[in-house]
Amino acid sequence: MGPLVNPCLGRTGRAGYDAGIMEDHSHPNVAELRRNYTRDGLRRSELDPDPVGQFRRWFADAVAAELLEPNAMVLSTTDGHRPSARTVLLKGYDERGFVFFTNYESRKAREMAICGQVSLLFPWYPLERQVGLLGRAERISVAESLAYFTSRPEGSRLGAWVSQQSSVISSRQWLEMKWEEVQRKFSDGEIPLPSFWGGYRIVPAEFEFWQGRENRLHDRFRYTKPADVWVVDRLSP
C-alpha cells in the first residue's frame, strides 16, 4: 500500500539521515533492503464484485500457501489522540464482518469504546499481497462468544481468566502464580466464559486489495459502498 507517514515524528533532513543511519556500518543497511515484486498481477476483470468474495479467494490462497498464521491481522485503534496497533487473529468472517476475540478491559477494547472506527491489515508478504479494510467495531453477542470460547483448548480458556490484558504486572512469576491459581479453581468443573472476555465484529466500510508489481507500480483496488452496491476503483500505486 502507499507510504505511511507519522505526523508526530515529522521528517528527517537528508543530512541527518546520512549521518544517523548511512554511516553506521555495524548494522545492515536498511535503505538497501528491497525486492522487486514479480510474483503476480491483479486486473479489474479478475475481481469479485463482492469484496468479501474477493477476500475469500485470497484467504484461500494464503492458507494453501501454508503461510504462518494466514489469519493474523493488524488491528489499529485510537483513543482519539494517539493510534495504537497490534496483531490479532481472525476467527470468523462473512458478509456481516470480521470477528476476533479479546479481553474487554484491554487497551484495544478501551480504545474501541472511545472510537469505534478501526482498520485491519492482512500482510501476506510471501504472496506479495496485502488486504486492508476500514470499518466499525461492535461487540458480538454473548451466545456467539460462548460458542467460540467453549471450542478453544483448555489452556486458552484458562489463559483468558489469567490475563488482565494490558495491565502492568510485577513479574513473570506473578503470571505463573495466577496460572496455577486458576488451574486449581477450575480443576473440578467446566471453565466458564469470563464476563470480561468476548468477541468483536469489524463491520467493513472500505476494502483495499494490494498486489505488488515490478518497479513499485503496484496494483491497488479499493471497494467502497456509497449506496447499496460496492463500487471498485483502481488506485495509483
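Residues numbered from 1 in each chain as written. Predicted model: local features only at pLDDT ≥ 70, side-chain atom pairs only at ≥ 80, totals over all residues. Heavy atoms only, no water.

A few points about the confidence of the model for the protein chain
Test applied: As a per-residue measure, pLDDT reflects the predictor's confidence and takes values from 0 up to 100. Whether two residues touch is decided by their heavy atoms; if any such pair falls within 4.5 Å, the residues are in contact.
Of the residues in the protein chain, 89% have a pLDDT of 70 or more, and the chain-wide mean is 91. Throughout residues 3-19 the model reports pLDDT below 50, and contacts reaching past four residues in sequence, or to other chains, amount to 5 contacts.

Some remarks on the packing of aromatic side chains
Our working rule: Any pair of Phe, Tyr and Trp rings, taking the six-membered ring for Trp, is counted once the centres come within 6.5 Å. Such a pair is stacked with planes under 30 degrees apart, edge-to-face with planes over 60 apart, and tilted for the rest. By definition, any uninterrupted DSSP run of H or I lasting at least four residues is a helix, any uninterrupted run of E lasting at least two residues is a strand, and each is numbered from the N terminus. Burial classes: relative accessible area under 20% of the type maximum marks a residue as buried, over 50% as exposed, and values in between as partly exposed (1.4 Å probe, protein chains only).
The full count for this structure, using the stated rule, is 24 aromatic pairs. Arranged with centres 5.0 Å apart and planes meeting at 80 degrees, the rings of Phe-55 and Tyr-93 form a pair that is edge-to-face. On the criterion of sequence distance, the pair formed by Phe-55 in helix 2 (residues 51-64) and Tyr-93 in strand 3 (residues 92-94) is long-range, its members being 38 residues apart. Taken together, a centroid distance of 5.2 Å and an interplanar angle of 50 degrees make the contact between Trp-161 and Phe-186 tilted. You can see Trp-161 sitting in helix 5 (residues 154-162) and its partner Phe-186 sitting in the loop between helix 6 (172-185) and strand 7 (197-211), a full 25 residues away along the chain. Since its relative accessible area comes to 23%, Trp-161 is described here as partly exposed. Exposure remark for Phe-186: the relative accessible area of 13% places this residue in the buried category. Grouped by ring-pair contacts, the aromatic residues Phe-55, Trp-58, Phe-59, Tyr-93, Phe-98, Phe-122, Trp-124, Phe-207, Phe-209, Tyr-223 and Trp-230 constitute a single cluster.

Side note on the nonpolar core
For the record, the criterion: Each nonpolar core is a collection of buried residues, namely Ala, Val, Leu, Ile, Met, Phe, Trp, Tyr and Cys, held together in the definition by side-chain atoms within 4.5 Å.
Within the largest apolar cluster, 33 residues are counted, with the highest numbers of intra-cluster contacts made by Phe-55, Phe-98, Phe-100, Phe-122, Trp-124, Phe-207 and Phe-209. It is helix 2 that provides the largest number of residues to this core, a total of 5 residues. In this view, Phe-98 contacts Phe-55, Leu-90, Gly-92, Tyr-93, Leu-120, Phe-122, Leu-133, Tyr-200, Arg-201, Ile-202, Pro-204 and Phe-207; residues no more than four positions away in its chain are not counted. Phe-101, Ile-140, Leu-158 and Ala-160 belong to the second-largest nonpolar core, a separate cluster that totals 13 residues.

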